[in-house]
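# Architecture and fold: a report
What follows is the residue order along each chain.
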Amino acid sequence: MDGINAKYVSKKISKTRWRPVSSSSLQQPDIFATGSWDNEDNSISIWSIGENGVSSMDDEFEGDPQLLCEYKHNGDVLDLQFLDQDRIVTASSTGAVTIFRHHHNSQTLSVSQLWERAHHYPCNNAPCTGVVCNSPEIVTVGEDGRIMLFRADQEGVLRTIEMADSSAIHAVTFLRTTEILTVNSIGQLKLWDFRQPGNEPSQILSLTGDRVPLHCVDRHPNQQHIVATGGQDGMLCIWDVRQGNMPISLMEAHTSEMWEVHFHPSNPGHLFSCSEDGSLLHWETSSNTDTPSLQGNRIKLLIISRSAIAPAGGNQSLINAWLTGDSSKGHLETTHMLPSQMLSVNSLDVLGQCLVCGTDGEAIYVNRYVPI
Amino acid sequence: KHLGFVWGPGDILVYETIYKASGGCPFVHEVRKDEDIYSPILRKLFNESHHIFVGLQRIREDLPSKNKKPQFVSISKNYRSVIRACMEELQQVAGIPSLSTLKGFISMMSHLSLWCKQNFNIFCTLFVVCDPLAGSLVLHLLDWVRLHKADVDEKAREVLASESPAEHQAYWDVPGETQTLTEFDVKWRHWREEVDHCLQDQSFASNRHLEDICKILVGDEDVLLEYKELLSTWYHFLVTRLLFSHPTVKPTELHYYAQSSMHMFLDTRSVPEPLDSILLAAFEFDIHQVIKDCSIALNNWWFVGHLTDLLDHCKLLQSHNLHFGSNLREFLLLEYASGLFTHHSLWQLAVDYFDHCPEFGRVYLELQIERVPLDTERKALKVIRICEQRQMTEQVRSICKIMAKKALRNNRLGSALSWSIRAKDAAFATLISERFLQDYCAKGTFSDLDLIDNLGPAMLLSDRLTFLGKYREFHRLYGEKRFSDAAKLLLSLMTAKIAPHSFWMTLLTDALPLLEQKEVIFSADQTHELMFCLEELTSGKSVPTPDRPMQVLGYTPPYPLSNVCFPFNLLIHCFIICSNLYSCLARG
């Protein structure tokens, strides 16, 4: 049976990311990195889920993530990205941006580069809240309202956008190679074009109604003008940045903060979001508009954990359709992917058929058979 | 030298002192009484058991007890498997040579968890799983022992397998669902007679071992005692004894056999360990004694807390109120959760435990949650969410205020405003707006335009904030040369009392360029209103009625103003307003 195993790791997990697999190979990802938070000693860790395709029904611990290596991290890991196959960039609550190198032969981690006070207030440090890379360029944002541009292997700062925001910037994503989009704690999306000098955004978008802080943003893999955002009220918004101030759609997703939202990189008809309320939702568009009620009856719930009590499966069909950008109205279906009664799911990542997420219950969940 | 100390929530601060003003030791030491919560392996136990605990609480009360019992049994199994996993990991770690320095600690942890496992097992077996009326007690006890001594079982099987099948066929026909106790008893006696007969016959006289085995099978206690090392503990001896001598023992008779087994097994010299007395109490089904002894023996409330909670759900615990109000279950859970709250990370688990303590849980939570250190916005958001979900509005307010103040100190006005909005704190929003306005007066321009221009409905949180937004809008309209709209807005800010009086001078000064324009922007009525505003500002009286004649101003205002040129400005204002009025009237 396809299921998710829980792995308890004795640290609250703030970020999980798959190591990228080369686009030509059809392999499923097998290595992921995690960052911890709220610990006296935080760390980043590299895990392996071993051989794929070997399924033995008896051994429920098959595919249990194995720890490959670990390295101490100063401050909470507030964001983590793979720069390439060997290097990981992290954003720290101390305001530092660090590049770690993973040595495959010895299975060790070492610090390759460090910008210690990338984000700061006049008198003390400010947490660096988001990092995004387009190798070799690295863009970081922080609670100090600055946007920093670095280049790996180059010391010093490439560019700083001072006073980019009067509130904390929570997340950033690339729209194009020279354009980024940031979201902040007063509910605004701001587009920045690096080709332009100066410290002004090229565009500001926000909801006309209540402006709630936004926590995450992700761009559609194929359409560069479509982004999804999630915020404090748990609503999922899909925006078209060309169209100005109104989002394309607004959907109730979670009952508290949505921490991360991801389009599936190769199958963008699927979206995943995770939240403080302990749920991880899988959103699926289908082009079958005739029978939404039939679709809505598919129950999928699924979890094998050593000690979890099997919860009732949940499936919500939604009121609004989610436009995929080519104006074809479709029916939208969501499924819960984790057991109920969980603490906050802080992070998720999806690649191929594999999904990994980390929670405040100090557990990592890996699902290797996500129905895409 | 003396030692001073002070109690903390989970620890003690200790310092040396010589009771003199100087020359003392500058160090303060923190002594933690509960090291367990800092062990990474035990943390997994805490997390997993938290999940089980929450699941247990959510079993619906209104289910009939026959539906609930299997769920309770399954929960007790879950607890046991979690403990077992923890114990296995500890044992694994204990074997690693590089950790030799921690060996002592780890072996202690192993011992502790083994102890926990055994006890949880036995208590669950006796209290939860067993039906006191059925006769299968021995089977359950056998299961319990088997879990601990799998290897002995193996050996035993090997040895016994070599025996002649006939005898054992009948023996292993243990009572299942289909047989009644009496049927089994008859069969067993019959079988036993057969074995006894074999012994008397001296059939196994040639082989010493076989003869011993035979004697064991009939329950010869002396022979059993010869194999003490294999049995290793007195309670294994007990179960073996029961298995071969009294397989149909009733739970009520158990303690008698337990006592005697212990006495037979232990030397007169050896002192019974705490575990022994706890087990004895368990065999007597004295739950309260068990809990009491466990509380004393262990340094962490995890074990007794979860056990008591499970027993309470099974309705096995007669709740008697303690002197301080709550019942035993709640008391233990509160103690456990309070201990968790002192941990930098596990405090989140404690919240759920407090939630399920109906009498004092909320109060404890309210007191503790405000002490969680808030290093990042993200952590503060999580704490606030916990408070909001439990309608702890006071705590939400105070946390938001702390964060807003921090932001303000770092000159992050946008962040500060976002926290005030979350707390619906109008007073703080007013404070932030004042900051903005001060900045404007000092520099002549607005900072953080991205915030003020995009306030949205948040503007309505406080009057000052509304004014700020509207005032900025006025500037924008002026910049876009939409003068009549700007003029209308400016006037409304004063007449609708949105603008604070202290700002009216600035607003009137802002009106000057509009009055000086070649084209007439203010209508006659509007000019009248402007004059009345000016008058009100200087006289400090209430709103004038429209048909009141204009007064000549010549006296200094009753309240102090920082603007030194005030009288002169005022005259200029009057002059300009009058000339405007004149041009209005002239054009009809």
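Being a predicted model, the structure only gives us computed values, none of them experimental.

What counts, and at which threshold
- Residues numbered from 1 in each chain as written.
- Chains lettered and ligands numbered in written order.
- Predicted model: local features only at pLDDT ≥ 70, side-chain atom pairs only at ≥ 80, totals over all residues.
- Heavy atoms only, no water.
- Helix = DSSP H or I, 4+ residues; strand = E, 2+ residues; numbered from the N terminus.
- Buried < 20%, exposed > 50% of the residue type's maximum accessible area, 1.4 Å probe, protein only.
- UniProt positions renumbered as here; feature names shortened; annotations may be inferred.
- Contact = heavy atoms within 4.5 Å.
- Buried area = accessible area lost by both parts, 1.4 Å probe.
- Salt bridge = Lys/Arg side-chain N within 4 Å of Asp/Glu carboxyl O.
- Polar contact = N/O pair within 3.5 Å; in protein donor to acceptor, adjacent residues only side chain to side chain.
- Nonpolar A, V, L, I, M, F, W, Y, C, P; charged D, E, K, R; others polar.
- Phe/Tyr/Trp six-rings, centres within 6.5 Å; stacked < 30°, edge-to-face > 60°.
- Pairing = 2+ DSSP bridges.
- Axes fitted to C-alpha atoms, helices over the stretch in contact; angles between N-to-C directions.
- Core = buried A, V, L, I, M, F, W, Y, C linked by side-chain atoms within 4.5 Å.
- pLDDT = per-residue confidence, 0-100.
- 1 Å grid on protein atoms, 1.4 Å probe; cavity = no way out; pocket = protein on both sides within 12 Å on 5 of 7 lines; lining within 4 Å.
- Points joined across faces, edges and corners; volume = space filled by probe spheres on them.

### Remarks on unusual backbone geometry
Residue and element names in this part refer to chain A. The step from Ser 135 to Pro 136 runs through a cis peptide bond, and the omega angle for that step is 0 degrees. Mapped onto the fold, Pro 136 is located in the loop between β10 (128-134) and β11 (137-142). Of note, the phi angle at Ser 10 is positive, near 65 degrees, even though the residue is not glycine. On the secondary structure map, Ser 10 appears in the loop between β1 (5-8) and β2 (12-18). By relative accessible area, which is 6% here, Ser 10 ends up buried.

### So, the UniProt feature "repeat: WD" (unreviewed entry) in chain A
The positions UniProt marks with the feature "repeat: WD" (unreviewed entry) are residues 207-249 and 251-293 of chain A. Span residues 207-249 of chain A is 0% helix and 44% strand, its end C-alpha atoms 11 Å apart.

### Some words on helix α8 (residues 208-217) of chain B
Of the positions making up α8(B), those classed as buried are Glu211(B), Asp212(B), Ile213(B), Cys214(B), Ile216(B) and Leu217(B). Once α8(B) ends, the next one or two residues include Gly219(B), with phi positive near 85 degrees.

### A look at the interface of chain B and chain A
Across the boundary between the two partners, chain B contributes 48 residues, which contact 53 residues of chain A. Here chain B meets chain A over a buried area of about 4,300 Å², counting both sides, of which 46% is carbon and sulfur. For chain B, the biggest contributors to the area lost against chain A are His51(B), Arg378(B) and Arg412(B); these three give 17% of the whole. For the interface between chain B and chain A, the tally reads six salt bridges. Between the two partners, chain B and chain A, sit 29 residue pairs in polar contact (both at pLDDT 80 or more). By residue number, the principal contributor to the side of chain B that touches chain A is helix α1 (residues 40-57) of chain B, which donates 12 residues. Here the residues of the side of chain B that touches chain A sort into 16 nonpolar, 17 polar and 15 charged.

### Here we look at the packing of aromatic side chains
Residues and elements named next belong to chain B. Summed over the entire model, instances satisfying the criterion amount to 22 aromatic pairs over all chains. An angle of 75 degrees between the planes, with centres 6.3 Å apart, marks the rings of Trp 301 and Phe 331 as edge-to-face. Of this pair, Trp 301 sits in the loop between α14 (287-297) and α15 (302-313) while Phe 331 sits in helix α16 (residues 328-341), and the two are 30 residues apart along the sequence. On the basis of relative accessibility, which here comes to 23%, the residue Phe 331 falls in the partly exposed class. On the numbers, 4.6 Å between centres and 20 degrees between planes, the contact of Tyr 440 with Phe 446 is stacked.

### Observations regarding the pattern of salt bridges
Opposite charge on two side chains makes pairing possible when the charged atoms of those side chains draw close. Summed over the entire model, instances satisfying the criterion amount to 37 salt bridges over all chains. Glu366(B) serves as the salt-bridge partner of Arg362(B), at 3.0 Å between the closest nitrogen and oxygen. Linking Arg362(B) with Glu366(B), this pair stays in helix α18 (residues 361-369), spanning four residues, or about one helical turn. Among the residues examined, Arg362(B) registers a relative accessible area of 39% and is labelled partly exposed. The network of salt bridges with shared partners includes Lys15(A), Arg17(A), Asp79(A) and Glu260(A).

### Concerning the sheet that holds strand β12 (residues 147-151) of chain A
All names here are of chain A. Spatial strand order, β10-β11-β12-β13: four strands in an open sheet with antiparallel pairing. Here the strands that pair on one side only, and so sit at the sheet edges, are β10 and β13 (159-161). Strand-to-strand, the axes of this sheet are offset by a mean angle of 15 degrees, without reference to chain direction. Of the strand pairs in this sheet, β12 and β13 are connected by three bridges, and their pairing is antiparallel. Counted as the bridge partner of Leu 149 is Arg 159 from β13.

### Observations regarding the environment of Gln395(B)
Residues and elements named next belong to chain B. Mapped onto the secondary structure, Gln 395 falls in helix α20 (residues 393-409). With 152 residues separating them along the chain, Gln 395 and Leu 243 place their C-alpha atoms 60 Å apart. Setting aside chain neighbours within four positions, we find Gln 395 in contact with Glu 366, Ile 369, Glu 370 and Cys 387.

### Side note on the side chain of Asp144(A)
As for its position among the elements, Asp144(A) is in the loop between β11 and β12. Ignoring any residue separated from it by four or fewer positions in sequence, one finds Asp144(A) in contact with Ala118(A), His119(A), His120(A), Tyr121(A), Ala126(A), Asp165(A) and Arg412(B).

### Regarding the sheet that holds strand β16 (residues 188-193) of chain A
All names here are of chain A. In space, the four strands of this open sheet follow the order β14-β15-β16-β17, with antiparallel pairing throughout. Two strands lie at the open edges of the sheet, namely β14 (169-176) and β17 (203-206), each paired on one side alone. Each neighbouring strand pair of the sheet contributes to a mean axis angle of 20 degrees, computed without reference to strand direction. For β14 and strand β15 (residues 179-184), the ladder comprises six bridges, and the chain directions are antiparallel. Residue pairing in the sheet places Ile 169 in a bridge with Asn 184 of β15.

### Some details on the pairing of strand β27 (residues 345-351) of chain A
Residues and elements named next belong to chain A. The buried fraction of β27 amounts to seven of the seven residues, a majority that puts the element mostly inside the structure. Examined bridge by bridge, β27 and strand β28 (residues 354-359) share six bridges and lie antiparallel to one another. Paired with Ser 347 across the strands is Gly 358, a residue of β28. A loop of two residues connects β27 with β28, the two strands running antiparallel in sequence, and Gly 352 in this loop sits at a positive phi of about 60 degrees.

### Here's the deal with the nonpolar core
Counting residues in each nonpolar core, the largest one holds 133 residues, and the members touching the most others are Leu280(A), Tyr365(A), Phe341(B), Tyr471(B) and Leu507(B). Examining the composition of this core, we find that nine residues originate from one element, helix α26 (residues 501-516) of chain B, more than from any other. Contacts of Tyr471(B), omitting those with residues within four sequence positions, involve Leu437(B), Tyr440(B), Phe446(B), Leu493(B), Phe503(B), Thr506(B), Leu507(B) and Asp510(B). Formed by 29 residues, the second largest nonpolar core is a distinct cluster that contains Leu199(B), Trp234(B), Phe244(B) and Leu279(B).

### Overview of the confidence of the model for chain A
All names here are of chain A. Of the residues in chain A, 84% have a pLDDT of 70 or more, and the chain-wide mean is 82. Between residues 52-60, whose pLDDT stays under 50, and residues either more than four places distant or in other chains, the model counts 11 contacts. Below a pLDDT of 50 lies the segment residues 288-329, which in the model reaches 101 contacts outside its immediate sequence neighbourhood of four places, other chains included.

### Let's talk about empty space enclosed by the protein
Per the counting criterion, the structure on display carries four cavities of 30 Å³ or more. Each pocket or cavity is described by its volume, and for the second largest cavity that value is around 90 Å³. Secondary structure elements with two or more residues in the lining of the second largest cavity: β29 (363-367) of chain A together with α1 of chain B. Examining the composition of the lining of the second largest cavity, we find that three residues originate from one element, α1(B), more than from any other. Across the lining of the second largest cavity, the residue classes break down as six nonpolar, six polar and no charged.

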